[in-house]
Amino acid sequence: MRPVPDGAPQGDLGAPSGGDAPRLADLLRRAALGDEAAFAEFYDATSARSYGLALRVVRNPAHAEEVTQEAYLDAWRSSARFDSGRGSAAGWLLTIVHRKAVDRVRSVEAATARDEGWNRDTTPVDHDQTAESAHASLDAARVRNAVATLTDVQRRAVELAYFGGYTHTEVATLLDVPLGTAKTRIRDGLIRLRDLMGVS
C-alpha cells in the first residue's frame, strides 16, 4: 500500500467516481474474506479522499495521517460488516474516518481543556473574562436552539456539512440522496438558521 499522501488534497482529488462504487464494494467484500491485495487496491482508490476528510476535521496533518491509518485498520477488521444494501463502500469508509476524526478532536480538546482548567484554576479570574465566558455560552445556546428548530433532514445535512466537515458530495453519499437534494437541504437549513439568528 502507498502511504497516505502528504498535504491536503484539493477538492475531490483522488475521490472515487460514482462508477467506481460497484468495484469498491467488490473489493471490500473480497477484503472481508481475507484478500489483502483487494484491500490494498481499496486503500489506493480511497486513501486521498479519506485523508482529506480527516484533515478537514482534525486540522492537523500528523493527526490526520494517524486517524486515516486507524480508520483503515478498523475498516479491515470490520469489512465483513459492510452491507452494500445500506450504502456505498466509500460512504461506509468515510463514516469510519469521520468517527475516528471526531474522536481525535474530542481527545485533543479534552487534553487542552485539562491544561486550560489548570491554568484557569491557578490564575485569578477578572470580571471581563467572566463576562466574555457568559456571552460565549449564550451564543452557543442560541445556535443550539436554532439548530433544534430545523427539520430532521435539514439538521442532519447541516450538521454533516458544517459541523462534520463533509463536502456536499460526501453529504449526499452519507444521506444516500442525490447531490441536488443534499444541497437543497443544506441551503434551506442555513436560510432558516440565518432568519432565526437574525443574521443579515
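Residues numbered from 1 in each chain as written. Predicted model: local features only at pLDDT ≥ 70, side-chain atom pairs only at ≥ 80, totals over all residues. Heavy atoms only, no water.

Trainee: Is there a simple way to think about helix H2 (residues 36-58) in this case?
Mentor: Helical geometry note: an α-helix holds 3.6 residues per turn, so side chains three or four residues apart project in the same direction. Between its terminal C-alpha atoms H2 stretches only 29 Å, short of the 33 Å expected from 23 residues at 1.5 Å a residue. At Thr46, H2 shows its maximal bend, which comes to roughly 55°. Here H2 lies mainly inside the structure; 18 of its 23 residues are buried. Its side-chain oxygen 3.1 Å from the backbone nitrogen of Ala37, Asp35 forms the N-cap of H2. Positive phi appears at Arg59, one or two residues downstream of H2, with a value of about 60°. (Helix = DSSP H or I, 4+ residues; strand = E, 2+ residues; numbered from the N terminus. Expected span 1.5 Å × (residues − 1). Bend = angle between axes of the 7 residues up to and from the residue. Buried < 20%, exposed > 50% of the residue type's maximum accessible area, 1.4 Å probe, protein only. Polar contact = N/O pair within 3.5 Å; in protein donor to acceptor, adjacent residues only side chain to side chain.)

Trainee: Is there a simple way to think about the packing of helix H7 (residues 168-175) against helix H8 (residues 179-197) in this case?
Mentor: Relative placement of two packed helices is described by the angle separating their axes and the distance separating the axes. One way to put it is that H7 packs onto H8 with a least axis distance of 8 Å and a crossing angle of 105°. Viewed along their axes, H7 and H8 adopt a mutual orientation that is roughly perpendicular. Along the contact surface, H7 presents His168, Thr169, Val171, Ala172 and Leu175, while H8 presents Leu179, Ala182, Lys183, Arg185 and Ile186. A per-class count over the contact of H7 with H8 returns six nonpolar, two polar and two charged. (Axes fitted to C-alpha atoms, helices over the stretch in contact; angles between N-to-C directions. Parallel < 35°, antiparallel > 145°, perpendicular 65-115°, else oblique. Contact = heavy atoms within 4.5 Å. Nonpolar A, V, L, I, M, F, W, Y, C, P; charged D, E, K, R; others polar.)

Trainee: Please explain the confidence of the model for the chain as it appears in this structure.
Mentor: One rule of thumb: low pLDDT means the predicted coordinates there are not for detailed reading. Chain-level statistics for the chain give a pLDDT mean of 84 and a share of 82% at 70 or above. Segment residues 6-15 is flagged for pLDDT under 50; beyond a separation of four residues in sequence, or across chains, it makes 15 contacts in the model. (pLDDT = per-residue confidence, 0-100.)

Trainee: How do you make sense of the environment of Ala75 when you look at a structure like this?
Mentor: Checked against the element boundaries, Ala75 lands in helix H3 (residues 61-78). The buried category is assigned to Ala75, whose relative accessible area is 0%. Distance from Ala75 to Trp92, taken between C-alpha atoms, is 8.8 Å for residues 17 residues apart in sequence. Setting aside residues up to four positions removed in sequence, Ala75 forms contacts with Phe39, Trp92, Leu93 and Ile96.

Trainee: What should I look at first to understand the packing of helix H6 (residues 152-163) against H7 in this one?
Mentor: At a minimum axis distance of 9 Å, the contact between H6 and H7 shows a crossing angle of 135°. With respect to their mutual orientation, H6 and H7 come out oblique. Our pair here, H6 against H7, has a crossing hand that is right-handed. Note on element contacts: H7 touches H6 through Val171, Leu174 and Leu175, opposite Arg156, Ala157, Leu160 and Ala161. (Left-handed = near helix turned anticlockwise from the far one by under 90°.)

Trainee: Help me understand the packing of aromatic side chains in this model?
Mentor: Here a ring pair, both rings aromatic, is described through the centre-centre distance and the interplanar angle of the planes. Counted according to the given criterion, the structure contains five aromatic pairs. Judged by centre distance (6.0 Å) and plane angle (35°), the rings of Phe39 and Phe42 are tilted. Taken as a pair, Phe39 and Phe42 lie in helix H2 at a separation of three residues, close to a single helical turn. By relative accessible area, Phe42 is classed as buried at 0%. (Phe/Tyr/Trp six-rings, centres within 6.5 Å; stacked < 30°, edge-to-face > 60°.)

Trainee: I keep staring at helix H1 (residues 21-32) and nothing clicks. Help me out?
Mentor: A rise of 1.5 Å per residue sets the reference length of H1, with its 12 residues, at 16 Å; its end C-alpha atoms lie 17 Å apart and thus fit the reference within 8%. Taken as a whole, H1 has its buried residues at Leu24, Ala25, Leu27, Leu28 and Ala31. End-on, the buried residues of H1 take up no more than an arc of 160°, which puts them together on one face. Residues of H1 that are buried make contact with H2, H3 and helix H4 (89-121). (Arc of directions from axis to C-beta.)

Trainee: So what exactly am I meant to see when it comes to the nonpolar core here?
Mentor: What tends to happen in soluble globular proteins is that the nonpolar side chains get buried as a cluster. Core analysis: the biggest nonpolar cluster contains 40 residues, and Leu24, Phe42 and Val171 have the highest contact counts within it. The set of elements that each furnish at least two residues to this core consists of H1, H2, H3, H4, H6, H7 and H8. For this core, the element with the highest residue contribution is H2, accounting for 11 residues. When sequence neighbours within four positions are dropped, the list of residues in contact with Val171 reads Ala157, Leu160, Ala161, Tyr166, Ala182 and Ile186. (Core = buried A, V, L, I, M, F, W, Y, C linked by side-chain atoms within 4.5 Å.)

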